[in-house]
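Given next are the chains, with one letter for each unit.
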Amino acid sequence: MQLLFGAQQAGAAVAGPGPESEQAAVTEKRSGFRLLRGGRKPAEDRPTLTDLYHAHRLGLVRMAVLLVDHQDLAEDVVQEAFTALYQRHGEQLDDLDNALGYLRTSVVNGARSMLRRRKTAREYVPPHEADAPSAEDHAVLNDEHWRVVVALQELTSRQREVLVLRYWSDMSEAQIAETLGLSRGAVKSTASRALDALEKQLEKVR
């Protein structure tokens with residue numbers, strides 16, 4: 001507690017009476033309370049749902065494409081994630097500290113559900129060749145990225161998720177562990193095995 005409030009006490013001893021010194025004391029006191037709250041930003045500094053949508057929607061769609069290998073499905077997954085976020089926390093997101101992390105986790109879970117539904121559906125229909133990427137698909141990912149998409153589909157779901165979050169979304173091991181519900185050690189070992197497997201698959205699709 002002395003470490004948190006030491007600067008405030010020193011400031012109070014130096015400041016003299018008057019409106020300016022009183023305002024400075026109030027500002028420092030509020031800063032101390034922010035530290036006690038874990039450095040949580042004031043609500044007015046946080047992005048709204050609309051801000052997040054405009055800033056991160058395309059990146060989340062690209063991430064989802066790498067997980068489900070189809071742009072239409074990826075857009076559905078991302079839209080559902082934003083809809084769920086709005087229904088639970090509203091436009092202002094006042095009670096949510098890490099909205100982007102929430103969205104990433106929702107997209108990963110949505111992609112998992114989408115793949116499970118698609119696998120179930122394919123058990124009842126004859127298998128067919130995957131459609132070639134459309135012009136709209138290329139607007140999201142270029143040819144080189146589509147080669148990676150094809151190769152990623154040969155990995156396990158866990159390996160694919162770890163690589164996409166690590167190297168596409170540029171998340172740390174700690175962030176990936178939290179998003180996927182894994183230990184950091186599991187993330188590290190999975191990433192190592194997945195990179196080896198991906199390299200082999202990329203050689204096949206050259």
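A quick note: this is a predicted structure, and the numbers were derived from the prediction, not measured.

**Focus: the pattern of salt bridges**
- All chains considered together, the criterion is met by five salt bridges.
- Between Asp97 and Arg46 there is a salt bridge, with the nearest N and O atoms lying 3.5 Å from each other. Residue Asp97 is located in the loop between helix 4 (71-89) and helix 5 (99-122), and its partner Arg46 is located in the loop between helix 2 (19-36) and helix 3 (49-68); the two are separated by 51 residues in the primary sequence.
- Between Asp170 and Arg166 there is a salt bridge whose closest N-O contact spans 3.9 Å.
- The exposure class of Arg166 is partly exposed, given its relative accessible area of 30%.

**Some points on the nonpolar core**
- In this structure, Val68 and Val107 are the most contacted members of the largest nonpolar core, which totals 45 residues.
- Of all the elements in the fold, those that place two or more residues in this core are helix 3, helix 4, helix 5, helix 7 (143-152), helix 8 (157-168), helix 9 (173-180) and helix 10 (184-204).
- With 10 residues, helix 3 is the largest single contributor of residues to this core.

**What to know about helix 3**
- Taking 1.5 Å as the rise per residue, helix 3 with 20 residues should run 28 Å; its terminal C-alpha atoms sit only 24 Å apart, a clear shortfall.
- Maximal helix bending in helix 3 amounts to about 55°, located at His56.
- Restricting attention to buried positions, one finds in helix 3 the residues Leu49, Leu52, Leu60, Val61, Met63, Ala64, Val65, Leu66, Leu67 and Val68.
- Looking one or two residues past helix 3, Asp69 carries a phi angle of roughly 60°, positive in sign.

The rules behind these values
- Residues numbered from 1 in each chain as written.
- Predicted model: local features only at pLDDT ≥ 70, side-chain atom pairs only at ≥ 80, totals over all residues.
- Heavy atoms only, no water.
- Salt bridge = Lys/Arg side-chain N within 4 Å of Asp/Glu carboxyl O.
- Helix = DSSP H or I, 4+ residues; strand = E, 2+ residues; numbered from the N terminus.
- Buried < 20%, exposed > 50% of the residue type's maximum accessible area, 1.4 Å probe, protein only.
- Core = buried A, V, L, I, M, F, W, Y, C linked by side-chain atoms within 4.5 Å.
- Expected span 1.5 Å × (residues − 1).
- Bend = angle between axes of the 7 residues up to and from the residue.

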